[in-house]
Amino acid sequence: MIRRPPRSTLFPYTTLFRSETISITSPTYLQLIAPGGVLADTTINEIFTSYPVLQWESDPCIYTDPETGDFGCRFFIRVAEFDPVLHSSVDEAIESTTRFPLDQSQGWGFVGNGVTSFQYPATDAGELEPGKVFVWQVLKVLGTTAGMDGVLSDIMAFKIKDFTQTASSDNT
């Protein structure tokens, strides 16, 4: 006669072969693409419209907002003028008065969930005047186990081309 062990002793052996894979990610990658570059390069980072498309790269976020049901990270932008008389750095300029959002109490303008580009608006934003230098930055907000967390991009600068200047005055 074959004797089997009591059922209670089989339990450890059945769970021994079970395994689960847990994926832990840190979606902190955020890189500005265009327009612009470093402040020193604004002469080569001129753009030809006052309504640029701001573009960036980001790794995907696997997050669903429990309040709205929106999927992905939330992205916010701010755009400000860089005035060398008032600002000693791009950081100082971006913390100053913003053109977007126009309402200074907001600090950042919401542009969407899971997006990687934003067309500068014709309304509800300050005008981007030709001949001036502007700086911009993106804030990525994502849900974590500890709550909401934010990732800031670097700051890029660009200049709006002034077509009223002649070619000879551009070279001086």
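This text gives an overview of the structure that appears in the document. On a predicted model such as this, the values are computed, not experimentally measured, just so you know.

Let's talk about the overall build of the protein chain
Summing up its helical and strand segments, the protein chain has 3 helices and 10 strands in all. Written out in order from the N terminus, the α and β elements of the protein chain read α-β-β-β-β-α-β-β-β-β-β-β-α. Across the protein chain, the fraction of contacts at a sequence separation of at least 24, relative to all contacts at a separation of at least 6, is 67%. Working note: accessible area of the protein chain is about 11300 Å², and carbon and sulfur atoms make up 55% of it.

What to know about the side chain of R78
Locating R78 in the fold gives a position in strand β4 (residues 74–82). One polar contact links R78 to E95, side chain to side chain, over a distance of 3.1 Å. Only 2.7 Å separates the side chain of R78 from the side chain of Q137, close enough to count as a polar contact. If we skip the residues at most four places from it in the chain, R78 touches I94, E95, T98, F100, P101, G107, W108, V135, W136 and Q137.

A few points about the side chain of K140
Among the secondary structure elements, K140 is positioned in strand β8 (residues 133–144). Judged by relative accessible area, K140 falls into the buried class, the value being 0%. For K140, the side chain forms a polar contact with the side chain of D59, separated by 2.6 Å.

Regarding the pairing of β8
Remember that side chains alternate between the two faces of the sheet whenever the strand is regular. Among the 12 residues in β8, 10 count as buried, and that is most of the element. For β8 and strand β10 (residues 156–160), the ladder comprises 4 bridges, and the chain directions are antiparallel. Within the sheet, the bridge partner assigned to F134 lies in β10 and is F158. Pairing geometry for β8 and strand β9 (residues 147–152), over 6 bridges, is antiparallel. Bridge pairing links K140 to V151 in β9.

Here's the deal with the environment of G131
Along the chain, the position of G131 falls in the loop between β7 (117–119) and β8. With 30 residues separating them in the primary sequence, G131 and K161 have C-alpha atoms 5.6 Å apart. With near-sequence residues (within four places) excluded, G131 lies in contact with K159, I160, K161 and D162.

Reading guide: rules and limits
- Per-chain numbering applies: the sequence of each chain, read as written, is numbered from 1 onward.
- Thresholds applied to this predicted model are a pLDDT of at least 70 for local features of residues and 80 or more for the giving and counting of side-chain atom pairs; totals over whole chains, interfaces and linings are not thresholded and use all residues.
- Where side-chain values are given, they derive from all heavy atoms of the structure, hydrogens and water being excluded.
- Put simply, DSSP marks the helices as runs of H or I at least four residues long and the strands as runs of E at least two long, and each gets a number from the N terminus on.
- The contact rule is simple, with two residues in contact once any of their heavy atoms fall within 4.5 Å.
- Areas reported here follow the Shrake-Rupley algorithm with a probe of radius 1.4 Å; residue values treat only the protein chains shown as occluding.
- Pairs of N or O atoms are called polar contacts if they sit within 3.5 Å, as long as, within protein, a hydrogen donor faces a hydrogen acceptor (for residues adjacent in sequence, only side-chain-to-side-chain pairs).
- Accessible area is worked out with a 1.4 Å probe on protein chains only. A residue is then buried under 20% of its type maximum, exposed over 50%, and partly exposed in between.
- Being paired, for any two strands, means DSSP has found at least two bridges between them.

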